[in-house]
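Residue strings, one per chain:
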Amino acid sequence: MSSSIKISIENLNLWYDKKQILHNISMDIFQNQITAFIGSSGCGKSTLLRSINRMNELIEECRIEGSVTIDGKNIYDKDVDEVGVRQRVGMVFQQPNPFPKSIYDNVAYAAKVHGIVKKGKECDELVETCLKKVFLWDEVKDILKEQATSLSGGQQQRLCIARTIAINPDIILMDEPTSALDPISGGHIEELIVSLKEEFHIIIVTHNLKQAQRIADHVAFFDSGHLIEYAPSNILFNTPQKRQTENYLRGIE
Amino acid sequence: MKHPFDSAQLKKRQRKSMLFKSTALLMVALALLFLVVFLFNIASKGYSAFTQSYIYVTVDFSKIKNNPRVAIERQHRRVISNTWIRNLPNLIKENPSLKNETKKLWALANSEADQYIKGHDNKLKSKDKALIERLKKENRIKRKFNTILFTHGDSQMPENSGFFSAIKGTIMTIIITMLVGFPIGVMTAIYLQEFAKDNRIKQFIEININNLAAVPSILFGLLGLAIFINFLGMPRASALVGGLTLGIMILPIIIVTAQSALRSVPDSIRQAGFAMGLTRWQVVRGFVLPLAMPGILTGSIISLAQAIGETAPLLLLGMITFMPDAPTLVTDATTVMSAQIYTWSSMPQNGYIERTSAAILILLGVMVTLNLLAITLRSRFKKRFNL
């Protein structure tokens, strides 16, 4: 597998108000791989994830130092608009949060706003392709005009992934995408994530170690805002180098 | 304790629960009783104003030279409306062939006779009362639906006074109120809730808006008088000035309710929008505003109803005066429904009593209609977004 660098995080420090959440994080994230962030609750892994598409800036007390370079450009440079960053770095949340619109519009809305497709046949095709990619098409093709909220949780989450890939991002960030779902729906999402790996660079935050082991190529372990260990999946899970990682994997404090 | 699921303490807890429930029920019943008594009182006083008495009299048009009164039999003159008699020469103008004719016409009864016919308090002399009784026997008295109430403005003669200019004035004023209050209020709320940084200045502004909502409405009348009439030189007592003043008065209420409606939109929707690379305005326009719309509409309609019923600030703008003509432009002097009710309620003639109550009924009718409109709008929005 090729290991060219997609995202390069350097000396990232992050504060909420006066509390430091992330301490000097530096790591490279590789192309066309699934990278998983693991660690206990409050260790900063979700915060780091949200630093990659500048979602942290929606929180006013947040202050960031350091750089996140994607394709050779630091996204925190002054001449970068965070809206443009988010267009290329999509995000899927823990709780499925479809827009309060129809299933069709959920996929089509942002794509139309960004001018990726025009209204009409072009748009219909995009909706169909995206829903097929997330294995939702057969379930919803007859109810496209119905409210997205009428779908089940697992279907809603797949719809959220479909709308994210509809705006054709490079990178997809996933913040515990299966933790609010039952195991069967979660399994479907996992399969889906693996199938998207060819097209997108995926970073996933998960509490489920088994899940990380199943789908991730690289795994990063965080503790209290520090990056403890970052290694290919089989190495981290089988022969962890740090005591803290080993303890966490075995379930000891 | 007779069985394992019973205890003295449980009985006590249940008694407390029952006590609360029955007290609350009593309060609801009391509130309903007040409402029913109020409505019954108004309706029983006001319903008779929706009809008006007419008397069948002979009019000798040939006698009209200077004084139209002579066209009518002397004894009838005292029970017929003076305004109706004064209008007789106009009938000739419209139809010159009447000039030398003698015709039988249904003449508008004057207020005292009308009140007597309806069985209300009146100042009719006993010989006129006898006359009415005689006319009644001859079937020369009838009560017709009162169109005057809906087509005429105010008048010094109760039988000839109507609510029309007040209704029209209210509609014109309220349209201006909404044109001012709704867009400014909603935009301010959107800015404060969705765009503004949460700092000292924003908090200071919000506190002041909340305080403004509690300012007595008459102060807004003073503000309107000082700014719109004295400083900007807008026409006194006009729908324009009234509408602008009421618009400013309801601004804080619209802002506060719209802000809380926006605040109740789950943040996950915004996050989803931002994560899709949408700008703040696209997120607000596309998702937040549609979801908040039912709440915003509810707040706006409540404040609109308040504006319709408002009287105090209009007093200072000169709108509570005798206003016989309906306005055609927003700059014309006008009165509004609440002001007309206030004017009529202070008139000495008996004829105004029922008209005051009827006016209140019409005002209530307009408000109920508006509320129904709001509820329909809201449920349509809710259905659209499947809330």
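Chains are numbered independently. Their residues run from 1 in the order of the written sequence. Labels follow written order: the first chain is A, the first ligand is 1, and so on. Reporting in this predicted model follows two pLDDT cut-offs: at least 70 for local features of residues, and 80 or more for side-chain atom pairs to be given and counted; totals over whole chains, interfaces and linings ignore these cut-offs and use all residues.

**Section: the overall build of chain A**
So, point 1. The helix count covers DSSP runs of H or I at least four residues long, the strand count covers runs of E at least two residues long, and both are numbered beginning at the N terminus. Summing up its helical and strand segments, chain A has 10 helices and 10 strands in all.
So, point 2. With C-alpha atoms as the basis for the radius of gyration, the globule rule is written as 2.2 Å multiplied by the number of residues raised to the power 0.38. Rg of the C-alpha trace for chain A: 18 Å, near the compact-globule value of 18 Å for 253 residues, within the 12% margin.
So, point 3. Taking the principal axes of its C-alpha atoms as reference, chain A extends roughly 55 × 45 × 35 Å.
So, point 4. Remark: C-beta atoms are placed from the backbone, and a residue is labelled buried if 20 or more other C-beta atoms sit within 10 Å of its own, exposed if 12 or fewer do, or partly exposed between those counts. Residues counted as buried form 44% of the 253 residues belonging to chain A.
So, point 5. A residue pair is marked as a contact if its C-beta atoms, positioned from the backbone, fall within 7 Å. Across chain A, every contact between residues at least 6 apart in sequence was considered, and the portion connecting residues at least 24 apart equals 67%.

**Things to note about the overall build of chain B**
So, point 1. A count of helical and extended segments in chain B gives 16 helices and three strands.
So, point 2. At 29 Å, chain B has a C-alpha radius of gyration far larger than the 21 Å of a compact globule built from 387 residues.
So, point 3. Seen along its three principal axes, the alpha-carbon backbone of chain B occupies a region of about 90 × 75 × 40 Å.
So, point 4. Counting across all 387 residues of chain B, residues that qualify as buried make up 39%.
So, point 5. Taking the contacts inside chain B whose residues are at least 6 apart along the sequence as the reference set, 74% of them involve residues at least 24 apart.

**Some details on the interface of chain A and chain B**
How big an interface is tends to be reported as the loss of accessible area on association of its parts.
So, point 1. At the interface, 22 residues of chain A touch 19 residues of chain B.
So, point 2. Of all elements in the fold, only α2 (82-88), β6 (89-92) and α3 (103-113) of chain A reach the threshold of two or more residues within the side of chain A that touches chain B.

**Comments concerning the sheet that holds strand β2 (residues 102-108) of chain B**
Residue and element names in this part refer to chain B.
So, point 1. Spatially, β2-β1-β3 is the arrangement adopted by the three strands of the open sheet, whose pairing is antiparallel. In the strand order of this sheet, the two ends are held by β2 and β3 (141-145), each with one partner. Neighbouring strand axes in the sheet, compared pairwise and without regard to direction, differ in orientation by 35 degrees on average.
So, point 2. Two strands qualify as a pair provided DSSP detects at least 2 bridges between them. Two elements, strand β1 (residues 51-60) and β3, share five bridges in a ladder whose sense is antiparallel. The residue of β3 that forms the bridge with Q52 is K144. An axis is simply a line fitted to the C-alpha atoms; with a helix, the fit covers only the stretch in contact. Between two such axes, the angle follows the N-to-C directions and lies from 0 to 180 degrees.

**A look at the nonpolar core**
So, point 1. Core analysis: the biggest nonpolar cluster contains 136 residues, and F37(A), C130(A), A162(A), A166(A), L173(A), I203(A) and A359(B) have the highest contact counts within it.
So, point 2. When residues of this core are assigned to their parent elements, the largest contribution, 15 residues, is made by helix α11 (residues 239-263) of chain B.
So, point 3. Those residues in contact with A166(A) that lie beyond four places of it in its chain are V107(A), A110(A), A111(A), L126(A) and C130(A).
So, point 4. Judged by nonpolar contacts, the second largest core, of 21 residues, contains F61(B), I72(B), L124(B) and I141(B). For this analysis, nonpolar core means a set of buried Ala, Val, Leu, Ile, Met, Phe, Trp, Tyr and Cys residues linked through C-beta atoms within 7 Å.

**Brief notes about the domain arrangement of chain B**
Residue and element names in this part refer to chain B.
So, point 1. Where each domain starts and ends comes from a domain assignment, either automatic or drawn from a database. Per the domain assignment, the segments of chain B are domain 1 (48-146) and domain 2 (164-384).
So, point 2. For domain 1 versus domain 2, the separation of C-alpha centres amounts to 45 Å.
So, point 3. Listed by partner, the interface residues are nine residues for domain 1 and seven residues for domain 2.
So, point 4. Residues are grouped as follows: Ala, Val, Leu, Ile, Met, Phe, Trp, Tyr, Cys and Pro are nonpolar; Asp, Glu, Lys and Arg are charged; all remaining types, including Gly, are polar. Considering only residue class, the side of domain 1 that touches domain 2 consists of two nonpolar, five polar and two charged.

**Structural notes on the environment of I64(B)**
Residue and element names in this part refer to chain B.
So, point 1. Tracing the backbone shows I64 in the loop between β1 and α2 (74-77).
So, point 2. Assessed through the 20 C-beta atoms surrounding it within 10 Å, I64 is described here as buried.
So, point 3. Not counting the four nearest positions on each side in its chain, I64 is found in contact with A71, L88, P89 and I92.

**Side note on the packing of α3(A) against helix α6 (residues 153-166) of chain A**
Residues and elements named next belong to chain A.
So, point 1. Packing of α3 against α6 brings their axes to within 8 Å, and their N-to-C directions diverge by 25 degrees. The pairing of α3 with α6 is recorded here as roughly parallel in orientation. Where α3 crosses over α6, the handedness of that crossing is right-handed. Across the interface between the two elements, I103, N106, V107, A110 and A111 from α3 touch L159, A162, R163 and A166 from α6.
So, point 2. Among the residues making up the contact of α3 with α6, the classes are represented as seven nonpolar, one polar and one charged. Note on angle classes: values under 35 degrees are labelled roughly parallel, values over 145 roughly antiparallel, values of 65 to 115 roughly perpendicular, and the remainder oblique. Each crossing is labelled by how the near helix is turned from the far one, with a counterclockwise turn of less than a right angle marking it left-handed and a clockwise turn marking it right-handed.

**What about helix α1 (residues 8-46) of chain B?**
So, point 1. By this rule the span expected of a helix is its residue count minus one, scaled by 1.5 Å. In a regular helix each residue adds 1.5 Å, so 39 residues correspond to 57 Å; α1(B) covers 57 Å between its end C-alpha atoms and thus fits that length.
So, point 2. Buried residues are scarce in α1(B), accounting for zero of its 39 residues.

**Quick look at the packing of helix α4 (residues 121-133) of chain A against α6(A)**
All names here are of chain A.
So, point 1. Between α4 and α6, the least distance of the axes is 9 Å, while the angle of their chain directions is 130 degrees. Taken together, the axes of α4 and α6 lie oblique to each other. Crossing handedness for the pair α4 and α6: right-handed. Of the residues in α6, those in contact with L126, C130, L131 and K133 of α4 are A162, I165 and A166.
So, point 2. Its residues placed into classes, the contact of α4 with α6 shows six nonpolar, no polar and one charged.

**Brief notes about the confidence of the model for chain B**
So, point 1. Along the chain, pLDDT gives the predictor's confidence residue by residue, from 0 to 100. For chain B, the average pLDDT comes to 89, and 99% of its residues sit at 70 or higher.
So, point 2. Both scores are available for the predicted complex, with the pTM at 0.84 and the ipTM at 0.89.

**Considerations on the sheet that holds strand β3 (residues 34-38) of chain A**
Residue and element names in this part refer to chain A.
So, point 1. Pairing is mixed across the open sheet formed by six strands, whose spatial order is β6-β7-β8-β3-β9-β10. Two strands close off the open sheet at either side, each with one partner strand: β6 and β10 (226-232). Each neighbouring strand pair of the sheet contributes to a mean axis angle of 20 degrees, computed without reference to strand direction.
So, point 2. By the bridge criterion, five bridges tie strand β7 (residues 171-175) to strand β8 (residues 201-205) in an arrangement that is parallel. Paired with I171 across the two strands is H201, which belongs to β8.

**Some details on the environment of N13(A)**
Residue and element names in this part refer to chain A.
So, point 1. With respect to the helices, strands and loops of the structure, N13 is situated in strand β1 (residues 5-16).
So, point 2. By the C-beta count within 10 Å, which is 15 here, N13 ends up partly exposed.
So, point 3. Separated by 71 residues in the primary sequence, N13 and G84 have C-alpha atoms spaced 23 Å apart.

**Topic: the pairing of β8(A)**
Residues and elements named next belong to chain A.
So, point 1. Among the five residues in β8, five count as buried, and that is most of the element.
So, point 2. Across the two faces of β8 the burial is the same, with H201, I203 and V205 and I202 and I204 all buried.
So, point 3. With four bridges joining them, β3 and β8 adopt parallel strand pairing. Along β8, the bridge assignment pairs F37 with V205.
So, point 4. Crossovers are described as right-handed under a simple rule: with the strands pointing away from the observer, the path leading from the first strand over the helix to the second runs clockwise. The parallel pair β7 and β8, bridged by helix α7 (residues 183-196), forms a crossover whose chirality is right-handed.

**Focus on helix α6 (residues 126-137) of chain B**
Each α-helix winds once per 3.6 residues, and so residues spaced three or four apart point in a common direction.
Residue and element names in this part refer to chain B.
So, point 1. When the terminal C-alpha atoms of α6 are compared, their 17 Å separation across 12 residues agrees well with the 16 Å that a helix rising 1.5 Å per residue should span.
So, point 2. With respect to burial, α6 is a largely exposed element, only one of its 12 residues being buried.
So, point 3. Looking at the residues trailing α6, positive phi occurs at N139, about 60 degrees.

**What about the pairing of β1(A)?**
All names here are of chain A.
So, point 1. Of the strand pairs in this sheet, β1 and strand β2 (residues 19-30) are connected by eight bridges, and their pairing is antiparallel. Of the residues in β2, the one forming a bridge with W15 is Q20.
So, point 2. Adjacent in sequence and paired antiparallel, β1 and β2 are bridged by two residues, among which D17 carries a positive phi angle near 60 degrees.

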